[in-house]
Structure formats: structure tokens, C-alpha cells
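Here is what each chain is made of, one letter per residue.
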Amino acid sequence: MASVITEPSSCDTFVALPPATTGSRIIFGKNSDRPSDEVQEIVYFPAASHGPGEKVECTYIEIEQAPETYAVVLSRPSWLWGAEMGANEHGVCIGNEAVWGKEEVCDDEALLGMDLVRLGLERANTAEKAVGVIVDLLDKYGQGGNCMESHMAFTYHNSFLIADRKEAWILETSGKYWAAEKVEEGVRNISNQLSITTKIEREHPDIRNYAISKGWWDGKKEFDFAATYSYVNTARMTTTRGRYCEGYKLLKKHEGTITAETMMAILRDKDSGINMEGGFMTTGSMVSILPQETSLPCIHFFTGTPDPDRSVFKPFIFVPNITQLLKTSSPVFGPEDPVKKQPRFQTKPDRRHELYRKHESAALVMESSKANFDR
């Protein structure tokens, strides 16, 4: 029987909308916190048309393909199909988080939350449509499976922050149940806890009846999703020390003057724990500028390397005739990949791409120089 990781280790995703930002633009940002030896790659997939009955093989399961898929740029753990974060050609950005609550997490292989990130980006040209895509797929195929390249099981429910040029949506799940909150101004963040309380624009049709059947809600007091489906004290979410609260405070500190550079500084912040260190660490980061003026291009910045404080945010813009991002793409092992074989994860191949290797070498030089300086 596989060992199980139970300690919540997650990421942080942020969005700032006017008037919290400077200029008429939305700023999106995310740190992906993953096992410290995991390689995150930056990959591009062009728009494509697909025939009737065509299937797409996700990380663990095969599902029906959409007739059309949009061009996407993704930052993803290099062993899986989906993504931790990314953007599409229409300016939609999505990041996801691991969340836990009262509902038991499913170990059965289904769609990973990271698969749902990519599927949302490939199939939706607005943030609101991405919410619809994700919840429809969640209802049809479910979420579940090991989220780590290891014989140790690391499973969780998922929350998503989805943004476009106009607005943002928070989508949080507990098994097949979900709630969604629309964000039209100001700042919002998600971390490794449910955070939607009573402001709910869309929800699973049975979310309240199920809560009543489990004894989590009496059906009389105001329905609070996070308080009902998890153990979060929602009255103290933004005052109790923790990742969600620390991220919220950093956003509020800069509210009104937030730029892409501000978001990068937040992602680099180690004192708050947002830039995570240790066995789980920040292995990739992303910041996007989404101008509300549609004649201006969206600009997406990725590190593709661990620790944003030691990484360069490199820009990506959707333009015609983009070639593959070879220096940030990991080796491909095809059907011989240990992820594809049963039992899974018996070995772990070297997935380092060229940029990762060079970053690794530079980090060693930096550590050596620091050690010599401290003597």
C-alpha cells in the first residue's frame, strides 16, 4: 500500500483588478509549490481542430476531445499532461491550488486539478466560460489520482483562480461539489484552504442538500461554503497567520499601485512563506499583464526554474508562427515513461530541461560564492 502525504503543501495564486492596479489592466500571479526535486517546464501548444469522436489522453484517463482547442502556454510539472498554471491566446489565465476539507479525497485515478487547468485554457475564451468547462468535466469525469511523481500518494481537492481581461472567478471544489465567486474589482487570492464564504454566484445544484444530509449545515443560517465544507474559521481568515492571510496582506499593502513588478516581488517574498523553501518549494512562478484595452497584447512572464528570488521572469506573447520552446521543454519518454507504466512511478527519469540545468549550475556558483564571502 502506498504511503500517504497528509500535510497540506500548496501554492498561492493572486489577482489584482482596477482600481487596485495602475492603468487599466488586470495583474495575475502564481507560485507553484511542489516537491523540491520536481522539474517544471514551460511548453506551448498551438490551436488545433479535432475530428468527431477524437479522444485526448490526460495524465491518467482518456476523455472526449473538444472540436477546437485554443493555443496555450503552460507551466507544468514535466511528468504530467496538465499544468499548474498557464494562459491561452484569448488572455485567459488559470492557476490551481490543493485544498482539503470535510469531504474525503478520492484516490481513484480521474482528472487531476492540473488537467482541469489545461482543459479550461484549451476550451474557453473567457474566464466565466472556463468555470463552465471545468465544472462540466468535473461532473462527467471526477477529480482524483496521485498528484506527485512518487509511490507516495499525494491527493487533494482543487481550487482555481481564473482571470481574463475583464474579470476573475474563484472556483473551489470539494469532491464533485463546487462553488464559484465572481471578482470584478480590487484584490483576491487563494491558497491551500477553501475561501469562498457567502458571496456565491454559481454553485453545484446539490451543494446545500448534500451539506444538510451530512449534518454540516442546518439549512437555516446563511450558507457559507468554506465554513460548511471545511474546518476554516471564515470570520478570521484574513487575520489569522497563514499562507492565505499573508498573501492577502501583501496584496492589500500595495492595493492601488499594483504592477507586474509588484506581483513579482510578492511571489519572491520569503518572510511570508509565499516563496516557499524546503522539501516543498516554489518550483515555478508566473505573472501576467491583462490589459482591458483589447488592442494591447497580454504579456505572460514565467520563470521555468525554482525560487523566483533567484530566477528571471521571462516574457511570452501570443504571436503568429510560434515555435516550440525547446530550452524550457523537458525530455519526452513516450510509452516508456514510468508514469505510463503499471505499477506507476517505479523509477524517476531525469526530466531536467536546458534552462533548468543552467539555473542549477548558477545556483551552485551563487552558494559557493556566498560561502566564501561568509568565511
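As shown above, the structure is provided for reference.
Before going into details, it helps to say that this report is about the structure given with it. Everything quoted here is computed from the prediction, not taken from an experiment. (Residues numbered from 1 in each chain as written. Predicted model: local features only at pLDDT ≥ 70, side-chain atom pairs only at ≥ 80, totals over all residues. Heavy atoms only, no water.)

## Considerations on the overall build of the protein
Secondary structure summary: the protein contains seven helices and 18 strands in total. Taken along the three principal axes of its C-alpha coordinates, the protein extends 65 × 50 × 50 Å. Across the 375 residues that make up the protein, the buried fraction comes to 57%. Of the side-chain charges in the protein, 42 are positive and 53 negative, and the distance between the mean point of each set is 2 Å. (Helix = DSSP H or I, 4+ residues; strand = E, 2+ residues; numbered from the N terminus. Buried < 20%, exposed > 50% of the residue type's maximum accessible area, 1.4 Å probe, protein only. Lys, Arg positive; Asp, Glu negative; His and termini not counted. Charge placed at Lys NZ, Arg CZ, Asp CG, Glu CD.)

## Some remarks on the sheet that holds strand β2 (residues 25-35)
Working definition: the strands of a sheet are paired by backbone hydrogen bonds and lie parallel or antiparallel to each other. The six strands are arranged β14-β1-β2-β16-β17-β18 in an open sheet whose pairing can be described as antiparallel. Every other strand in the sheet has two partners, leaving β14 (186-190) and β18 (314-316) as the edge strands with one partner each. The mean angle between the axes of side-by-side strands here comes to 15°, regardless of whether they run parallel or antiparallel. Two elements, β2 and strand β16 (residues 280-291), share 11 bridges in a ladder whose sense is antiparallel. Considered in β16, the bridge of Ser32 is made with Gly284. (Pairing = 2+ DSSP bridges. Axes fitted to C-alpha atoms, helices over the stretch in contact; angles between N-to-C directions.)

## Digging into the nonpolar core
Counting 45 residues, the largest nonpolar core has Ile63, Ile94, Leu111, Phe160, Ile162 and Leu171 as its most contacted members. Of all the secondary structure elements, the ones that give two or more residues to this core are β8 (72-77), β10 (93-99), α1 (113-123), α2 (127-141), β11 (157-163), β12 (168-174) and β13 (177-183). A per-element tally of this core places α2 first, with eight residues. Those residues in contact with Ile162 that lie beyond four places of it in its chain are Val92, Cys93, Ile94, Ala127, Ala130, Val131, Ile134, Glu167, Ala168 and Trp169. One finds Val99, Ile190, Phe225 and Tyr229 within the second-largest nonpolar core, a separate group that totals 37 residues. (Core = buried A, V, L, I, M, F, W, Y, C linked by side-chain atoms within 4.5 Å. Contact = heavy atoms within 4.5 Å.)

## Quick notes on the layout of surface pockets
Estimates place the volume of the largest pocket at around 430 Å³. If you trace the largest pocket, you find 23 residues lining it, with Glu41, Arg76, Ser78, Leu80 and Val332 closest to the centre. It is strand β3 (residues 40-45) that provides the largest number of residues to the lining of the largest pocket, a total of four residues. Taken together, the residues of the lining of the largest pocket break down into 11 nonpolar, six polar and six charged. One number sums up the size of the second largest pocket: a volume of about 260 Å³. Met281, Pro306, Asp307, Arg310 and Ala363 are, among the 14 residues lining the second largest pocket, the residues nearest its centre. With five residues, the top contributor of residues to the lining of the second largest pocket is helix α7 (residues 354-374). (1 Å grid on protein atoms, 1.4 Å probe; cavity = no way out; pocket = protein on both sides within 12 Å on 5 of 7 lines; lining within 4 Å. Points joined across faces, edges and corners; volume = space filled by probe spheres on them. Nonpolar A, V, L, I, M, F, W, Y, C, P; charged D, E, K, R; others polar.)

## Structural notes on the side chain of His359
Tracing the sequence through the fold places His359 in helix α7. From its side chain, His359 meets the backbone oxygen of Pro306 in a polar contact 3.2 Å long. Once you skip the residues sitting within four places of it in the chain, His359 turns out to touch Thr305, Pro306, Arg310 and Ser311. (Polar contact = N/O pair within 3.5 Å; in protein donor to acceptor, adjacent residues only side chain to side chain.)

## A closer look at the sheet that holds strand β9 (residues 85-88)
Here we have eight strands laid out as an open sheet, ordered β3-β8-β9-β10-β11-β12-β13-β15, and antiparallel in their pairing. Bordering the open sheet on either side are β3 and β15 (202-203), each of which pairs with just one other strand. Against the sheet, α2 contacts β10, β11, β12, β13 and β15, and its axis sits at roughly 15° relative to β12. Lying on the sheet, helix α3 (residues 207-214) is in contact with β13 and β15; it crosses β13 at an angle near 130°.

## Let's talk about the packing of aromatic side chains
Summed over the entire model, instances satisfying the criterion amount to 14 aromatic pairs. Ring centres 6.3 Å apart and planes at 40° place the aromatic pair Tyr177 and Tyr229 in the tilted group. Remark: Tyr229 occurs in helix α4 (residues 225-229) and Tyr177 occurs in strand β13; sequence separation between them is 52 residues. Tyr229 carries the same exposure label as Tyr177, and that label is buried. Taking 5.8 Å as the distance between ring centres and 85° as the angle between the ring planes, the aromatic pair formed by Tyr210 and Trp216 counts as edge-to-face. Classification of Tyr210 by relative accessible area gives buried; the value is 17%. Three or more aromatic residues joined by ring pairs form one cluster here, namely Tyr177, Tyr210, Trp216, Phe225 and Tyr229. A cation over an aromatic ring shows up here: Lys102 above the ring of Tyr231, its NZ or CZ 5.6 Å from the ring centre. (Phe/Tyr/Trp six-rings, centres within 6.5 Å; stacked < 30°, edge-to-face > 60°. Lys NZ or Arg CZ within 6 Å of the ring centre and 35° of its normal.)

## Points about helix α6 (residues 260-267)
Judged by how many residues are buried, α6 sits mostly within the fold: six of eight residues are covered. When we look at burial in α6, the residues that qualify are Ala260, Thr262, Met263, Met264, Ile266 and Leu267. At its buried positions, α6 is contacted by β1 (12-17), β2, α5 (243-253), β16 and β17 (299-302).

## Regarding the pattern of salt bridges
This structure, assessed with the given rule, holds 28 salt bridges. Close ionic contact of Glu184 with Lys182 constitutes a salt bridge, the shortest N to O distance being 3.8 Å. One connected set of salt bridges, linked through shared partners, spans Asp350, Arg352, Arg357 and Glu360. (Salt bridge = Lys/Arg side-chain N within 4 Å of Asp/Glu carboxyl O.)

## Side note on the packing of α1 against α2
Interaxial distance between α1 and α2 falls to 9 Å at its minimum, and their mutual angle equals 130°. In terms of their interaxial angle, α1 and α2 are classed as oblique. Like other packed secondary-structure pairs, α1 and α2 cross with a definite hand, here right-handed. Across the interface between the two elements, Leu116, Leu119, Gly120 and Arg123 of α1 pack against Ala130, Val133, Ile134 and Leu137 of α2. (Parallel < 35°, antiparallel > 145°, perpendicular 65-115°, else oblique. Left-handed = near helix turned anticlockwise from the far one by under 90°.)

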